[in-house]
Amino acid sequence: MQTIEERYLAAKRALFDKVYGTLNERQREAVFTVNNPLLVLAGAGSGKTTVLVRRIAFIIRYGNAYFSEYVPYGVDESRVRELERALDLPVREIESGILPEFANQACQPYRILAITFTNKAANEIKERLAKMFPEDGATASEIWTGTFHSVCVRILRLHCEKVGYRPGFTIYDTDDSKKTVAAAMKRCNIDEKLLPVKGVMSAISRAKDRLLTPDDFAMEAGSDFRQKQIARVYEAYQQLLRESNALDFDDIIMQTVLLLKNHPAVREAYQSRFKYVCVDEFQDTNVAQMQLTVLLSGLHQNLMVVGDDDQSIYKFRGATIENILTFDKTFPSATVIKLEQNYRSTQTILDAANAVIAHNAGRKGKTLWTAAGEGEKIHLRLCDDQNTEARFVVDTVNRAVARGEATYRDFAVLYRTNAQAQSIEKAFARSAVPYRVLGGTRFTDRKEIRDAVAYLQLVNNHDDNVRLERIINEPRRKIGAKTLDAIAQIAEEQGCSRFSVIERCASFGALERSRATLEGFASLINSLSELAQKVTLDVLFDAVLDRSGYRQMLIDAGEEEKDRLDNLEEFKSGILEYMKENDEPTLTGFLEETALVADVDRYDESADAVVMMTIHSAKGLEFPIVFLPGMEDGLFPGMQTITAGESEMEEERRLAYVAITRAKKALYMIHTRTRLLYGQTAYNPVSRFVSEIPASLVENPDEDGHGGFGSRVGSGFGGGFGRQTSVWGARGAESSVTQKKTYYSEPRPRTPIRQTAPPSGERITVGKNLSTPKATPKEIFAPGDRVRHLTFGEGEIISVKPMGADTLYEIVFDRVGTKKLMATYARLKKL
DNA sequence: CACGCTCTGCCTGCG
DNA sequence: GCAGAGCGTG
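How each quantity is defined
Residues numbered from 1 in each chain as written. Chains lettered and ligands numbered in written order. Predicted model: local features only at pLDDT ≥ 70, side-chain atom pairs only at ≥ 80, totals over all residues. Heavy atoms only, no water. Helix = DSSP H or I, 4+ residues; strand = E, 2+ residues; numbered from the N terminus. Buried < 20%, exposed > 50% of the residue type's maximum accessible area, 1.4 Å probe, protein only. Contact = heavy atoms within 4.5 Å. Areas by Shrake-Rupley, 256 points an atom, 1.4 Å probe, with all protein chains shown as cover. Near = heavy atom within 4 Å. Polar contact = N/O pair within 3.5 Å; in protein donor to acceptor, adjacent residues only side chain to side chain. Nonpolar A, V, L, I, M, F, W, Y, C, P; charged D, E, K, R; others polar. Salt bridge = Lys/Arg side-chain N within 4 Å of Asp/Glu carboxyl O. Pairing = 2+ DSSP bridges. Axes fitted to C-alpha atoms, helices over the stretch in contact; angles between N-to-C directions. Phe/Tyr/Trp six-rings, centres within 6.5 Å; stacked < 30°, edge-to-face > 60°. Lys NZ or Arg CZ within 6 Å of the ring centre and 35° of its normal. Parallel < 35°, antiparallel > 145°, perpendicular 65-115°, else oblique. Left-handed = near helix turned anticlockwise from the far one by under 90°.

## As for the overall build of chain A
Here is step 1 of the chain: In terms of regular secondary structure, chain A is built from 35 helices and 22 strands.
Here is step 2 of the chain: Residue burial in chain A is summarised as follows: out of 831 residues, 53% are buried.
Here is step 3 of the chain: Taking the contacts inside chain A whose residues are at least 6 apart along the sequence as the reference set, 74% of them involve residues at least 24 apart.
Here is step 4 of the chain: Entry remark: accessible area of chain A is about 36500 Å², with carbon and sulfur atoms responsible for 50%.

Written out as structure tokens, the structure is:
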């Protein structure tokens, strides 16, 4: 017999469960678990952002209401009955009328910190939080949401002097850093040919990711000559950055960590402020970012991290998958919740993804499943070369659009390397298919934009030597390398900035010849600095372009540089936008935003065009129909991965997993017999990742519909390729027939794939070319039964759960571990 | 100092 | 195969 208290708590939880009934059980658990460390292992498409956003809203409204054991004084039989009866009320009424009284230590919004990696993700969270509190805009805006970098810059702006930077510091991007590293190497008398700048730069970056100071780095280098050299450059590089009052992207994180570590008062202030800390995409964090989160959440320990170890694809950028793999060891009190139900893709796509990723050893182990149904098979396609491949993509798109089965925006082409974009882009352009290419040169990487920004940067921070050098002779002012060397030398001797040397050039004999131009330049910058105090940003921007002569230079160049002028105008509209969005627009603020905003944010999902991007940049996105060109060993996985170790191959495999799970309803994997790569013709075998997908999931015209390509298909020396460069379709009769089978397929009913299984256990077939086996007899298994699955082999049922009209089995397979499968689709045979 | 030629190296890339 | 960097010449 339950006590009154037990019944009260049960009724309370039942009411919360009902109001949050649109979430699945696991999602609800994640939302309600607010205190103590929490690791949410969120598979692709499992609704992790929903969980993140709803959990934050829950914390603000109800605090620890769900799991709290608190029972108010005076709760009696009649009250409990009332609550139990309330379960029949509509959700809205429960939510507004009853739930608020359960609130337990509800948290003020400004005490919650949510950290993401990209501005895009941060904005999405902000927008969705705003929707959670439609009644007042203030609540959502008080929640501290931002990228690692924006959060750290915000902290550093207030405390930078404690770590040795002056207020108004500048942020150097990769290009500025590279120049500074080159300068540092020059100072150390190290030849760039013996030690490439690129390598040094990345070594320094990796060191900062791991919080290693130049001294630490030197210690670790030991007697290794190369490493010792890099240590010297690292030291000099930091020196140069400090002289310019500049931080690079890695410093932003590392210096914040050092600030919090070494200044207890600052640390304690933030620790007591942040009662709840949430981190998104936790699998992408590096040592420094991990340390930062641990420090910020150190007092209250309410740290929630969301991530997917299977989507960790940024090791090369310093991410340590160990952060997520060992989170529960680092925090023994942590709750771990796996989100495995997928709301994005068909079961076929998920089965393929699951099968591929199952080949990795170092993982937490998740198996995605969906209630959506099987969907169409995965299309595998062999083409002659990259041009045929491109034509195949374009024609498939055109056909589907012509039939009214899809619009351009439904398609995405995802590739391993940016170089692959070229041939496909050409084909789209030729056939007048609207398309967009993401990545490559960013808007803000264009020369004219960088120059204009450099002017603004120098106006904002006169010590910024890199930007000074960038624009002092742009437009031409006859200030060449000679003069600059002299200035740098004097600056070094005097221990002052180069700009102050230029200002006082009259005092230095060595600068006599350029005195007039230098003074002119100094007064240009100084007058712009004065102007910056008086006028709005857009006016300042025009003044920079006019007074510097930069605009005139482009106008004089005529038609050739027209684009650059247009780009500058576009950039100006960005300035106006910034001014509209910020109550107190400042030059520093704008420059900061420019430095911290990437190009991905420019991806406009509403435009009706096929989108092309690398698999890396597609992480987090989804598309109805996905093309994966270049599924070849040597390209994906790349040659350097094949010759490297197993852990590199696992990362590459995770990338394949990310690629596959982007697709909602259809996935086309393409490989070619020959491919022009780095000016050479390569004959690549089909990607091993393709071979890791069970043949039963794949429709493979090249095998004449028999499936079963356990061995490699298209190792590719079969038919007369090479001489026949004609596009497909104009080739021999036999192959056109094959092609007809694949993408000249019969019109497919536009059956929505996301529909639940019919209660009868009937299979949903999307397209009649799907040769699905006869419907499985609805045999009911019990825990302990031995069964056989087509792809997973033999296993034992460990749990049986009715799910609507279907049944969810949890099965431990002998070969592949535990999987959750829906009875309708699992095609289980009793042994 | 600017232009043009040759040479090199080349995966992915947030902020 | 191509872009960007570096070098040499007018």
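## Overview of the protein's contact with DNA strand C
Here is step 1 of the chain: Around DNA strand C sit Glu 192, Lys 193, Leu 676, Tyr 678 and Gly 679, and that is every residue in its neighbourhood.
Here is step 2 of the chain: Lys 193 is positioned such that a nitrogen or oxygen atom in its side chain is 3.4 Å from a phosphate oxygen of DNA strand C.
Here is step 3 of the chain: Residue classes in the surface near DNA strand C are distributed as 2 nonpolar, 1 polar and 2 charged.

## Re the pattern of salt bridges
Here is step 1 of the chain: For the structure shown, the criterion picks out 52 salt bridges.
Here is step 2 of the chain: Put simply, Arg 166 and Asp 463 hold a salt bridge, and the shortest N to O gap is 3.0 Å. On the criterion of sequence distance, the pair formed by Arg 166 in the loop between α8 (148-159) and β4 (170-172) and Asp 463 in the loop between α21 (447-460) and α22 (465-471) is long-range, its members being 297 residues apart.
Here is step 3 of the chain: Owing to a relative accessible area of 37%, Arg 166 belongs among the partly exposed residues under this scheme.
Here is step 4 of the chain: Here Asp 310 makes a salt bridge to Arg 363, at a shortest N to O gap of 2.7 Å. Placement of Asp 310 in the loop between β7 (303-307) and α16 (322-325) and of Arg 363 in the loop between α18 (347-357) and β9 (378-383) is noted, with a sequence separation of 53 residues between them.
Here is step 5 of the chain: Each of Asp 173, Asp 175, Asp 176, Lys 179, Arg 450, Asp 451, Asp 464, Arg 467 and Arg 470 takes part in a single network of salt bridges with overlapping partners.

## Section: the sheet that holds strand β8 (residues 335-339)
Here is step 1 of the chain: Taken together, 6 strands build an open sheet; the order of strands is β3-β2-β6-β7-β1-β8 and the sheet is parallel. Taken across any chain shown, the strands that pair with only one partner, and hence form the sheet edges, are β3 (144-147) and β8. The sheet shows a mean angle of 15° between the axes of neighbouring strands, direction not considered.
Here is step 2 of the chain: In this fold helix α2 (residues 25-32) packs onto β1 (38-42) and β8, with an angle of close to 145° to the strand it touches most, β8.

## Digging into the sheet that holds strand β11 (residues 435-437)
Here is step 1 of the chain: Here we have 7 strands laid out as an open sheet, ordered β11-β12-β10-β13-β14-β9-β17, and parallel in their pairing. Both outer strands of the open sheet, β11 and β17 (698-699), are each paired with one neighbouring strand and no more.
Here is step 2 of the chain: Of the pairings in the sheet, the one linking strand β10 (residues 411-415) to strand β13 (residues 623-628) comprises 3 bridges and is parallel in character. Directly across from Phe 411, in β13, lies its bridge partner Ile 625.
Here is step 3 of the chain: Against the sheet, α18 engages β9 and β14 (663-672), with an angle of about 55° to β14.
Here is step 4 of the chain: The strands touched by helix α20 (residues 421-430) are β10, β11 and β12 (610-614); relative to β12, the strand with the most contacts, the crossing angle is about 170°.

## Considering unusual backbone geometry
Here is step 1 of the chain: In this model, Glu 474 is joined to Pro 475 through a cis peptide bond whose omega is 5°.
Here is step 2 of the chain: For Pro 475, the position within the fold is in the loop between α22 and α23 (481-494).
Here is step 3 of the chain: The amide bond that connects Phe 636 to the next residue, Pro 637, takes the cis arrangement and shows omega of 5°.
Here is step 4 of the chain: Of note, Pro 637 is situated in the loop between β13 and α31 (639-643).

## A word on the packing of aromatic side chains
Here is step 1 of the chain: Applying the stated criterion across every chain yields a total of 27 aromatic pairs.
Here is step 2 of the chain: Ring centres 5.1 Å apart and planes at 75° place the aromatic pair Phe 16 and Tyr 62 in the edge-to-face group. Within this pair, whereas Phe 16 is found in helix α1 (residues 4-19), its partner Tyr 62 is found in helix α3 (residues 48-62), the two being separated by 46 residues in sequence.
Here is step 3 of the chain: Cluster of aromatic residues (ring-pair linked, three or more members): Tyr 8, Phe 16, Tyr 20, Phe 32, Phe 58, Tyr 62, Tyr 66, Phe 67 and Phe 102.
Here is step 4 of the chain: Of note, Arg 317 hangs over the ring of Tyr 314, and the distance from its end group to the ring centre comes to 3.5 Å.

## Some thoughts on the packing of α21 against helix α28 (residues 562-581)
When two helices pack together, their arrangement is given by the angle between the helix axes and the distance between those axes.
Here is step 1 of the chain: Where α21 contacts α28, the axes come no closer than 9 Å and their chain directions differ by 50°. As summarised for this structure, α21 and α28 are arranged oblique, according to the angle between their axes. α28 is crossed by α21, and the crossing has right-handed handedness. Judged by residue contacts, Lys 447, Glu 448, Ile 449, Ala 452 and Val 453 of α21 engage Arg 564, Asn 567, Leu 568 and Phe 571 from α28.
Here is step 2 of the chain: Here the residues of the contact of α21 with α28 are counted per class, giving 5 nonpolar, 1 polar and 3 charged.

The quantities given are spatial measurements derived from coordinates; they are silent on function.
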